[in-house]
Amino acid sequence: MKQGLYNKFYNYLTDRFEQKQSTVLPSESAGLTEKRNHAFSVFKELGFPTRKNEEWKFTSLASALKDDLQWTIDHSHTVTNTNKIENLEATHIVLVNGKYAPELSDALPEGISFYETSAALAEPRFAEKIASIATEEDSSMLALNTAFFTEISVFHVAANAVIETPVHVSHVFTVNVHPEFIPYRMLIIAEQHSEATIIETYHSESVVHPLFISYVSEQDIHESAVLHTHMINTLC
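Criteria and thresholds
Residues numbered from 1 in each chain as written. Predicted model: local features only at pLDDT ≥ 70, side-chain atom pairs only at ≥ 80, totals over all residues. Heavy atoms only, no water. Helix = DSSP H or I, 4+ residues; strand = E, 2+ residues; numbered from the N terminus. Rg over C-alpha atoms; globule rule 2.2 N^0.38 Å. Buried < 20%, exposed > 50% of the residue type's maximum accessible area, 1.4 Å probe, protein only. Contact = heavy atoms within 4.5 Å. Areas by Shrake-Rupley, 256 points an atom, 1.4 Å probe, with all protein chains shown as cover. Lys, Arg positive; Asp, Glu negative; His and termini not counted. Charge placed at Lys NZ, Arg CZ, Asp CG, Glu CD. Axes fitted to C-alpha atoms, helices over the stretch in contact; angles between N-to-C directions. Parallel < 35°, antiparallel > 145°, perpendicular 65-115°, else oblique. Left-handed = near helix turned anticlockwise from the far one by under 90°. Core = buried A, V, L, I, M, F, W, Y, C linked by side-chain atoms within 4.5 Å. pLDDT = per-residue confidence, 0-100.

(A) Layout of the overall build of the protein. Along the backbone of the protein there are five helices and 10 strands. For 236 residues, the compact-globule estimate of 2.2 N^0.38 gives 18 Å, and the protein sits close to it at 18 Å. Principal-axis analysis of the C-alpha atoms gives the protein an extent of 50 × 40 × 35 Å. Taking all 236 residues of the protein together, the buried fraction comes to 47%. The contacts in the protein between residues at least 6 apart in sequence include a share of 83% that link residues at least 24 apart. Of the roughly 12000 Å² of accessible surface on the protein, 49% is carried by carbon and sulfur atoms. Charged side chains of the protein number 16 positive and 31 negative; the gap between the two group centres comes to 10 Å.

What follows is the structure, given as structure tokens:
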């Protein structure tokens, strides 16, 4: 018996999926397109989770999804506060509404590379890893992200590289003209005998309307590598 939430936003997304596939990320591989199609079929069947789902029995999405949320591609907005951590010596990478902002970001040290969406999708080494690690079949929220994410950031830590300076990834969400759905993704790859630290913070600035953020981080860590990760959420 189905126990998902099939509301107005669910209907909006199911109507928009085919249109999205024909207009967004034209450079993605056939393999990723296949993963998206499968994920969408999972989401379409399960709907949004409700309190009848064991993992969501203490959380209701009904109020968060009551607004007329819209999925949009263009997230180009001006940012004045990139949420740097005071007195922290770190390399700063800024994502504004899920999209890489090079003008606000620092150059990375040798041994670690960053790929924004178009570069990540064009890199053959990443093709089989993107959307392949987080694959729970019974998670409609994960399936939602896989089907709809439009931005992906990839960090690659080279073999034998020891990155002494932490990388601070600042997720900034800013001014919007209507309630908005923002699905995006990150992939972190750490090769053998490498070590790095990634700190992620979340900050909102001048948000006028509600945001529904779907973010998934996948990690492919070699058994001999060390990756230190920290997440600090200051969103309301």
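Now that the structure has been shown, we can carry on.
(B) Structural detail: the packing of helix α2 (residues 30-46) against helix α5 (residues 140-148). At a minimum axis separation of 8 Å, α2 and α5 run at an interaxial angle of 140 degrees. On the basis of the axis angle, α2 is oblique to α5. Like other packed secondary-structure pairs, α2 and α5 cross with a definite hand, here left-handed. Of the residues in α5, those in contact with Lys-35, Arg-36, Ala-39, Phe-40, Val-42, Phe-43 and Leu-46 of α2 are Ser-140, Ala-143, Leu-144, Thr-146, Ala-147 and Phe-148.

(C) Structural view of the nonpolar core. Membership of the largest hydrophobic core comes to 22 residues, with the highest contact counts inside it found for Phe-155, Val-157, Val-167, Val-169, Tyr-184, Met-186 and Ile-198. Secondary-structure elements contributing two or more residues to this core are β2 (91-96), β4 (112-115), β5 (151-157), β6 (167-174), β7 (180-190) and β8 (195-205). Of the residues forming this core, the biggest block, five residues, is contributed by β7. The contacts of Phe-155, once residues within four sequence positions are left out, are Ile-93, Leu-108, Ile-112, Ser-113, Phe-114, Val-167, Val-169, Met-186, Leu-187, Ile-188, Ile-189 and Ile-198.

(D) Representation of the confidence of the model for the protein within the structure. Per-residue pLDDT for the protein averages 89, and the proportion of residues at 70 or more is 93%. The weakest mean pLDDT in the protein belongs to helix α1 (residues 8-23) at 83; the strongest belongs to β4 at 98.

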